[in-house]
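Take a look at the letters that make up each chain.
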Amino acid sequence: MSQNQNEPREYDAVRGGQNLIPVNPAVLGGIPGVKSRLASPIVEVRIAALSEALKYGEAGLDLIMQALQNESMQVKFAASSLLKYPYDLKIKLPSLHNFPVFEFDVITVDAEGKENSRRKSFAHYFPEDLGNGVTLDMVYIPGGIFMMGSPATESGRYNNESPQHQVTVSAFYAGKYPITQAQYEAVMENNPSYFRGEKLPVDRVSWNQAVEFCRKLSEKTGKIYRLLSEAEWEYACRAGTTTPFYLGETITTDLVNYNGQYPYARAPRGLYREQTIDAGSFPPNPFGLYDMHGQVWEWCSDEGHYNYDGAPTDGSSWETGTSNFRVRRGGSWNRDAVHCRAAIRFYFYARLSLSLGGFRVAVALAVPSSLSSL
């Protein structure tokens, strides 16, 4: 990380007051010009660029959606306002702008586990009705480019996290939480979990069972539900961060459910709860996803591979490996902190169902017309 104190860090809000909007600047036209102004350090310039983006149809809409992840709350709210109340727009917006929004705190910590940043953020989602008062919240994940895997300098890394490589991920929706027991029962009419509780993540689920859940959920809703690809999972977990955890350089048991007797970096020892806890008990990552570190290992769709040599770079599932093994990500309630990093990747027999295993679901970006009245 840069030591230049004047250089904004990835978790800093953009600060105003020092710079003024330039007078008579040389301005690029079209989408390139909008992109250029959205990269400006001046908040007012970025907000003006968002309004201009409305002129450019779907390409401009995509830029507005990306601005929802901007670190400036002023820019985020400007983007949200344009999506909720579009004006001078000559294309039909997708129904995402009608979706509800939830607000949350984004927290980062230093290598000792001390909070060093807290900011408000929000995300769009749609609720999937599973019946009997049970819903499944699906959060919008904007597309983007990231570096998958861990750098050679990351403490505790494994060789299978190499080579670090650039991946482009298309936008999709992901479950706000790992699938809970109430959600699993609503679809599968059974509950295999060792630890019992409606709000607890379902556990003791094999990859085969997770895939069957997605199949039945698809039949129930008319949408195509699936497991996240491994690339989608890491992209969604990192949510724009590059540190070992989306929380920063380490984690603590005040923010993640893991075996706190084995901390990471210079964090102190913490609790070992010895079981799962209610989904969403701790603050989410910058995309609004909860429990991406710890709780339960989450199955991904990919077959197992010993490293990233030959891995897809388009975010798709890697289906050319050993079909008996499937990937799991994120760590669990009984693992030490190093095994909860964003880059950690293990693979297990697809048919095994252990008390450590759960999953999260994804759905394609296309929004059915039944949701357009939300």
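Residues numbered from 1 in each chain as written. Predicted model: local features only at pLDDT ≥ 70, side-chain atom pairs only at ≥ 80, totals over all residues. Heavy atoms only, no water.

Trainee: Teacher, can you tell me more about the sheet that holds strand S2 (residues 115–131) here?
Mentor: With respect to topology, six strands assemble into an open sheet ordered S1-S2-S3-S6-S12-S7, the strand pairing being antiparallel. A strand with exactly one partner marks an edge of an open sheet, and here the two such strands are strand S1 (101–109) and strand S7 (225–227). Averaged over all pairs of adjacent strands, the angle between their axes in this sheet comes to 40 degrees, without regard to strand direction. Examined bridge by bridge, S2 and strand S3 (residues 134–141) share six bridges and lie antiparallel to one another. Bridge pairing in S3 links Phe126 to Met138. Across the face of the sheet, helix H5 (residues 181–188) comes into contact with S2 and S3 while running at roughly 110 degrees to S3. (Pairing = 2+ DSSP bridges. Helix = DSSP H or I, 4+ residues; strand = E, 2+ residues; numbered from the N terminus. Axes fitted to C-alpha atoms, helices over the stretch in contact; angles between N-to-C directions. Contact = heavy atoms within 4.5 Å.)

Trainee: Please clarify how the packing of aromatic side chains should be interpreted in this entry.
Mentor: In this description, a pair of aromatic rings is defined by centroid distance and the angle of the planes. All told, the structure shown has 20 aromatic pairs when counted by the stated rule. The interplanar angle of 10 degrees and the centroid separation of 5.6 Å between the aromatic rings of Tyr184 and Phe213 together place this pair among those described as stacked. In this pair, Tyr184 is assigned in helix H5 and Phe213 in helix H6 (residues 207–221), connecting sequence segments 29 residues apart. Among the residues examined, Tyr184 registers a relative accessible area of 1% and is labelled buried. Residue class for Phe213 comes out buried when judged on its relative accessible area of 0%. (Phe/Tyr/Trp six-rings, centres within 6.5 Å; stacked < 30°, edge-to-face > 60°. Buried < 20%, exposed > 50% of the residue type's maximum accessible area, 1.4 Å probe, protein only.)

Trainee: Looking at this structure, I do not really get the nonpolar core. What am I missing?
Mentor: Soluble, globular proteins show a tendency: their nonpolar side chains are buried together. Among the nonpolar cores identified, the biggest contains 46 residues, and Phe213, Phe359 and Val361 are the most heavily contacted of them. Membership of the second largest hydrophobic core comes to 44 residues, among which are Trp233, Tyr246, Phe287 and Tyr308. (Core = buried A, V, L, I, M, F, W, Y, C linked by side-chain atoms within 4.5 Å.)

Trainee: I'm lost on the pairing of S1 in this one. Help?
Mentor: Pairing between S1 and S2: nine bridges, direction antiparallel. When the bridges of S2 are listed, Thr108 appears paired with Ser117. Counting the residues that bridge the hairpin from S1 to S2 gives five residues, and of these Gly113 lies at a positive phi of roughly 85 degrees.

Trainee: Help me out: how do you make sense of the side chain of Lys176 in this one?
Mentor: Structurally, the position occupied by Lys176 is in the loop between strand S6 (172–175) and H5. Given a relative accessible area of 7%, Lys176 falls into the buried group. Apart from residues no more than four positions distant in its own chain, Lys176 is found in contact with Phe102, Asp137, Val139, Gly288, Leu289, Tyr290 and Arg360.

Just geometry here; none of it tells us what the structure is for.
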